[in-house]
Amino acid sequence: MEPIEEILAWAREGEELSPPAWDQLPTIPLYVDQVLLYLRDSLRFFERDEEDLLLTNSMINNYVKSGALPHPEKKKYSRQHLAALMAICMLKQVLAIPDIVTLLDGEELGPEFYQSFLSAHIGAVKKTCKELEENCVARENLRRQALRLAAEANAKRAAAERILRELGEEGKKGK
């Protein structure tokens with residue numbers, strides 16, 4: 001299959017993307033191996049290839065050590081942990097872990113936070129994939145599309161980092 005056909009198929013898959021809603025997350029606590037299997041399946045769309053894992057056991061341990069993820073209870077991870085890990089895996093693609101810690105600081109990792117994350121995330125993915133599909137159908141220059149998307153992503157990352165830097169500074173002054 002030609003690259004444009006592969007990209008078009010990926011974009012169409014992204015338009016239908018539906019990460020698990022809060023109610024669809026497992027209600028029983030999971031061990032780390034179960035968490036990895038569940039989230040790897042849920043995040044597969046975002047992996048560059050089969051060797052590019054978005055989550056490993058050591059990553060989870062590092063998120064706990066850094067304060068981005070609460071400690072598991074008796075080596076088991078709850079629905080709140082899964083929701084936080086889903087968000088962390090997506091956000092770490094554009095933000096440093098300290099910025100993610102600032103972002104999550106004081107947030108209850110429950111249904112309201114997770115729904116806010118999912119709404120923003122799904123909306124951005126669907127919008128991007130729809131534009132990409134239209135560009136593929138119109139046979140636009142793919143390198144220029146990649147350049148535009150990368151430039152937009154960089155600008156939005158910089159804006160998010162600025163916000164989190166200021167919020168982090170404000171948090172330090174308040175302590």
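Structure: above.
Here's a quick rundown of the structure. Fair warning: this is a prediction, and the values are worked out from it, not measured in the lab.

Here's the deal with the overall build of the chain
Within the chain, the secondary structure is distributed over seven helices and zero strands. When its helices and strands are written in sequence order, the chain yields α-α-α-α-α-α-α. The C-alpha extent of the chain, read off along each of the three principal axes, is 50 × 40 × 30 Å. Sorting the 175 residues of the chain into buried and exposed places 35% on the buried side. Pairs at least 24 apart in sequence give 73% of the contacts found in the chain among residues at least 6 apart. Here the chain displays about 11200 Å² of accessible surface, and carbon together with sulfur accounts for 53% of that area. Computing the positive centroid from 24 side-chain charges and the negative centroid from 29, the chain places the two 4 Å apart.

Quick notes on helix 1 (residues 3–15)
Across its 13 residues, helix 1 extends 18 Å between first and last C-alpha, which sits within 8% of the 18 Å expected from 1.5 Å per residue. Turning to helix 1, its buried residues number three or more, namely Ile4, Leu8, Ala11, Gly14 and Glu15. The buried residues of helix 1 occupy an angular sector of 120 degrees when the element is viewed end-on, so they sit on one face.

What to know about the side chain of arginine 79
With respect to the element layout, arginine 79 can be found in helix 4 (residues 79–91). Salt bridges are absent for the buried arginine 79, whose nearest opposite-charge side chain, aspartate 23, sits at 5.1 Å. Within the structure, arginine 79 has its side chain in polar contact with the backbone oxygen of leucine 25 (distance 3.4 Å).

Notes on the packing of aromatic side chains
Taken as a whole, this structure holds four aromatic pairs when the rule is applied. Ring centres of phenylalanine 45 and phenylalanine 46 lie 5.1 Å apart, and the angle between their planes is 85 degrees; this geometry places the pair in the edge-to-face category. Take phenylalanine 45: its relative accessible area is 9%, and that puts it in the buried class. By relative accessible area, which is 25% here, phenylalanine 46 ends up partly exposed.

Some points on unusual backbone geometry
Phi angles above zero are rare outside glycine, and lysine 74 is one such case at about 55 degrees. Phi angles above zero are rare outside glycine, and arginine 139 is one such case at about 60 degrees. Mapped onto the elements of the fold, arginine 139 is located in the loop between helix 6 (111–137) and helix 7 (142–174).

Considerations on the state of the cysteines
A full pass over the atoms with the stated rule returns zero disulfides. Of all cysteine sulfurs, the one in cysteine 136 lies closest to cysteine 129, which takes part in no disulfide; the gap is 10 Å. Given the relative accessible area of 1%, cysteine 129 is considered buried. Classification of cysteine 136 as buried rests on a relative accessible area of 3%.

Brief notes about the side chain of lysine 92
You can see lysine 92 is positioned in the loop between helix 4 and helix 5 (97–104). Only 2.6 Å separates the side chain of lysine 92 from the backbone oxygen of leucine 54, close enough to count as a polar contact. Among the polar contacts listed, one links the side chain of lysine 92 to the side chain of tyrosine 63, at a separation of 2.9 Å.

Considering the packing of helix 1 against helix 6
Contact pair helix 1 / helix 6: the axes reach a minimum separation of 8 Å and the direction vectors enclose 150 degrees. Classified by the angle between their axes, helix 1 and helix 6 sit roughly antiparallel to one another. As helix 1 runs across helix 6, the sense of the crossing is left-handed. Side by side, helix 1 and helix 6 meet where Ile4, Ile7, Leu8, Trp10, Ala11, Arg12, Gly14 and Glu15 of the first sit next to Val125, Lys126, Cys129, Lys130, Leu132, Glu133, Cys136 and Val137 of the second. Its residues placed into classes, the contact of helix 1 with helix 6 shows ten nonpolar, one polar and five charged.

Quick notes on the rules
- Residues numbered from 1 in each chain as written.
- Predicted model: local features only at pLDDT ≥ 70, side-chain atom pairs only at ≥ 80, totals over all residues.
- Heavy atoms only, no water.
- Helix = DSSP H or I, 4+ residues; strand = E, 2+ residues; numbered from the N terminus.
- Buried < 20%, exposed > 50% of the residue type's maximum accessible area, 1.4 Å probe, protein only.
- Contact = heavy atoms within 4.5 Å.
- Areas by Shrake-Rupley, 256 points an atom, 1.4 Å probe, with all protein chains shown as cover.
- Lys, Arg positive; Asp, Glu negative; His and termini not counted.
- Charge placed at Lys NZ, Arg CZ, Asp CG, Glu CD.
- Expected span 1.5 Å × (residues − 1).
- Arc of directions from axis to C-beta.
- Salt bridge = Lys/Arg side-chain N within 4 Å of Asp/Glu carboxyl O.
- Polar contact = N/O pair within 3.5 Å; in protein donor to acceptor, adjacent residues only side chain to side chain.
- Phe/Tyr/Trp six-rings, centres within 6.5 Å; stacked < 30°, edge-to-face > 60°.
- Disulfide = S-S within 2.5 Å.
- Axes fitted to C-alpha atoms, helices over the stretch in contact; angles between N-to-C directions.
- Parallel < 35°, antiparallel > 145°, perpendicular 65-115°, else oblique.
- Left-handed = near helix turned anticlockwise from the far one by under 90°.
- Nonpolar A, V, L, I, M, F, W, Y, C, P; charged D, E, K, R; others polar.

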